[in-house]
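Here are the chains, one letter per residue:
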Amino acid sequence: MRTREARGTPYAMDRRDVLAAGLAGTLLPVAANARGTVGPIKPDASINLWPGEAPGLLDPDLHERLTERSKDPAIADRALDRIRTPRLDIFRAAKPNGAALLLIPGGGYERVVLDKEGYELAALLTARGVTCFVLFYRLPAEGWRDAPNAPLADAQRAMRLIRAQAAKWQVDPLRVAAMGFSAGGHLCADLATRFDRKVYDPVDAADEGSARPMLAAPVYPVVTMDPAFAHAGSREKLIGKNPGPELEAEHSPDRQVSRVTPPCFLLHAEDDDVVPVENTILLRAVLKKAGVPVETHIFEKGGHGFGLRGAVGKPVAIWPELFHGWAKAHGLFG
C-alpha cells in the first residue's frame, strides 16, 4: 500500500485506468474515447467549497493523505483521507446538454475513494453530455465541530455552488442531480432528505440558493443507523459508539423522508456482505409511503462497491443504462 501526502487537487487518474477497469459492452468506447485513450487525465478544474478554512476545524495539524490501494499498477484505486479542504473536482461534458451530476464516492466515512466511484463515472457520463462534479467531503471522525453534520454541510454547499456557477460550467441550475455510493450513498440520501436543514452559517450569496437535488441516486447505500442493519463502521465514524436515539434518527435518511424528497433511483445487490440490502429496501418503503417517485433495482449478485469495474461480466453491469433511462424520463437529460 502506497501513501502520499496531498494538499492540492487529488492526483489525476490515467485514461488507461478507465480502460483497465474493463467497462462492459458499448460503455467501454464511450468512456475510453471521452478525452483520448493515452496520457493522463485530470479534472478540468477543482474548486474549494469554502472561502478559507472549512467551518469547525478543530485539528490544525490535519493534512490530506492519498493512498494507492491497488496491487496492480495498471489499475488505480486511490483513497483520500484527513480531508481538510473539501472541494469539487469538475469534469466538463464534451458537448454539454445542461445536465449536472454531483458524484459522492464512498469509503465508510473513513476515506473518500477517487477512481471507481468518482473519476471513472465522470469519464463515462461526460461523454454523454453530463457535467460531473466529484465531491471530496470532510470525514466526521477527523476533528470537526458538529462532526455528524460536516459531510452534509459540504454536500449542501456543493449543490449551492454548482447552481451559483451554473453559467460558468454550462449547466442548467434546475437540472442538477446527486449520486452517491455506500457511505457516499448515505450522504446522497441525507442530502435528498435534509437538503433544507440548517447545518452551517451562510458564507456568501451562493448560500441563498437551494441545495435540493433534482434527482437522487443512492447506490448500495448506507441508510439506517439502526444497529440491526447499519454498516457498523460508517455508523461509528458518523455518530459515535454510543449515540442516543435522537442522533440515530437524525442521521437515518429513511426516518427523514418527506413529500419534498426528490425522486430516487435505488440500486443494490442481494449478496452485498458489507452494507445489507435491507438498507435499500427500507428506504424504498418509506419513499413509497411518502409518495416520492422511486425506481429500485436489486440484483442477485454484485457484492459491495462494484461501481463500474466490479460489475463487468455480471447482470448488474447494465446499471448505468438503467440510471440513464430513468433520469432521462425525469428530465435530467432533456
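Residues numbered from 1 in each chain as written. Predicted model: local features only at pLDDT ≥ 70, side-chain atom pairs only at ≥ 80, totals over all residues. Heavy atoms only, no water.

Asker: What's the story with the environment of Ser234 in this structure? I'm lost.
Answerer: Relative to the helices and strands, Ser234 is located in helix H7 (residues 232–239). By relative accessible area, Ser234 is classed as buried at 1%. In contact with Ser234, not counting residues within four places along its chain, are Gly108, Tyr109, Ala183 and Val222. Here the side chain of Ser234 touches His231 through a polar contact of 2.7 Å, side chain to side chain. (Helix = DSSP H or I, 4+ residues; strand = E, 2+ residues; numbered from the N terminus. Buried < 20%, exposed > 50% of the residue type's maximum accessible area, 1.4 Å probe, protein only. Contact = heavy atoms within 4.5 Å. Polar contact = N/O pair within 3.5 Å; in protein donor to acceptor, adjacent residues only side chain to side chain.)

Asker: Explain the sheet that holds strand E10 (residues 216–219) to me, please; I cannot follow it from the model alone.
Answerer: Consider a sheet: its strands pair through backbone hydrogen bonds, and that pairing is either parallel or antiparallel. Reading across from one edge, E2-E5-E8-E6-E9-E10-E11-E12 is the order of the eight strands in this open sheet, with mixed pairing throughout. With one partner strand each, in any of the chains shown, strand E2 (45–48) and strand E12 (294–299) form the two edges of the open sheet. Taken over all neighbouring pairs, the strand axes of this sheet differ in orientation by 15° on average, direction set aside. Seen against the sheet, helix H3 (residues 115–126) touches strand E5 (87–91), strand E6 (100–104), strand E8 (131–136) and strand E9 (176–181) and runs at an angle of roughly 170° to E8. The strands touched by helix H6 (residues 183–193) are E6, E8, E9 and E10; relative to E9, the strand with the most contacts, the crossing angle is about 145°. (Pairing = 2+ DSSP bridges. Axes fitted to C-alpha atoms, helices over the stretch in contact; angles between N-to-C directions.)

Asker: Mind showing me how you'd approach H7 here?
Answerer: Since there are 3.6 residues in each turn of an α-helix, residues three or four apart along the chain are aligned in direction. The set of residues buried in H7 consists of Ser234, Arg235, Leu238 and Ile239. The arc that holds every buried residue of H7, seen down its axis, measures 100°, which confines them to one face. Next to the buried residues of H7 lie H6 and helix H8 (245–250). Phi turns positive, to about 90°, at Gly240, one or two residues after H7. (Arc of directions from axis to C-beta.)

Asker: Explain the pairing of strand E4 (residues 78–81) here, please?
Answerer: As a general feature of sheets, a regular strand has side chains that alternate between the two faces. By the alternation rule, side chains of E4 split into Arg78 and Leu80 and Ala79 and Asp81, which are all buried. Both strand E3 (residues 65–68) and E4 contribute to a ladder of four bridges, which runs antiparallel. Among the inter-strand pairings, Leu66 is bridged to a residue of E4, identified as Leu80. Alignment of E4 against strand E7 (residues 112–113), held across two bridges, turns out to be antiparallel.

Asker: Just checking my understanding: could you explain the pairing of E12 for this structure?
Answerer: Alignment of strand E11 (residues 264–269) against E12, held across six bridges, turns out to be parallel. Considered in E12, the bridge of His268 is made with Ile298. Note on the crossover from E11 through helix H9 (residues 278–290) to E12: the handedness is right-handed. (Right-handed = clockwise from strand over helix to strand, strands pointing away.)

Asker: Is there a simple way to think about the environment of Ile318 in this case?
Answerer: Looking at the element boundaries, Ile318 is found in the loop between E12 and helix H10 (319–329). In this structure the C-alpha to C-alpha distance between Ile318 and Leu308, which are ten residues apart in sequence, comes to 9.6 Å.

Asker: How do you make sense of the state of the cysteines when you look at a structure like this?
Answerer: Two cysteines joined by a covalent bond between their sulfur atoms form a disulfide. Under the defined criterion, the tally for this structure stands at zero disulfides. Left without a disulfide partner, Cys188 is nearest to the cysteine sulfur of Cys264, which lies 7.1 Å away. Owing to a relative accessible area of 0%, Cys188 belongs among the buried residues under this scheme. On the basis of relative accessible area, Cys264 is assigned to the buried category, the value being 3%. (Disulfide = S-S within 2.5 Å.)

Asker: For this particular structure, what's the right way to read the side chain of Arg175?
Answerer: With respect to the helices and strands, the residue Arg175 is situated in the loop between helix H5 (166–169) and E9. For the buried Arg175, which has no salt bridge, the nearest side chain bearing the opposite charge is Asp172, at an N-O separation of 4.1 Å. Reaching out from Arg175, the side chain makes a polar contact with the backbone oxygen of Leu332 at a distance of 2.8 Å. Ignoring sequence-local partners within four residues, the contact set of Arg175 consists of Asn97, Gly98, Ala99, Ala100, Met214, Gly331, Leu332, Phe333 and Gly334. (Lys, Arg positive; Asp, Glu negative; His and termini not counted. Salt bridge = Lys/Arg side-chain N within 4 Å of Asp/Glu carboxyl O.)

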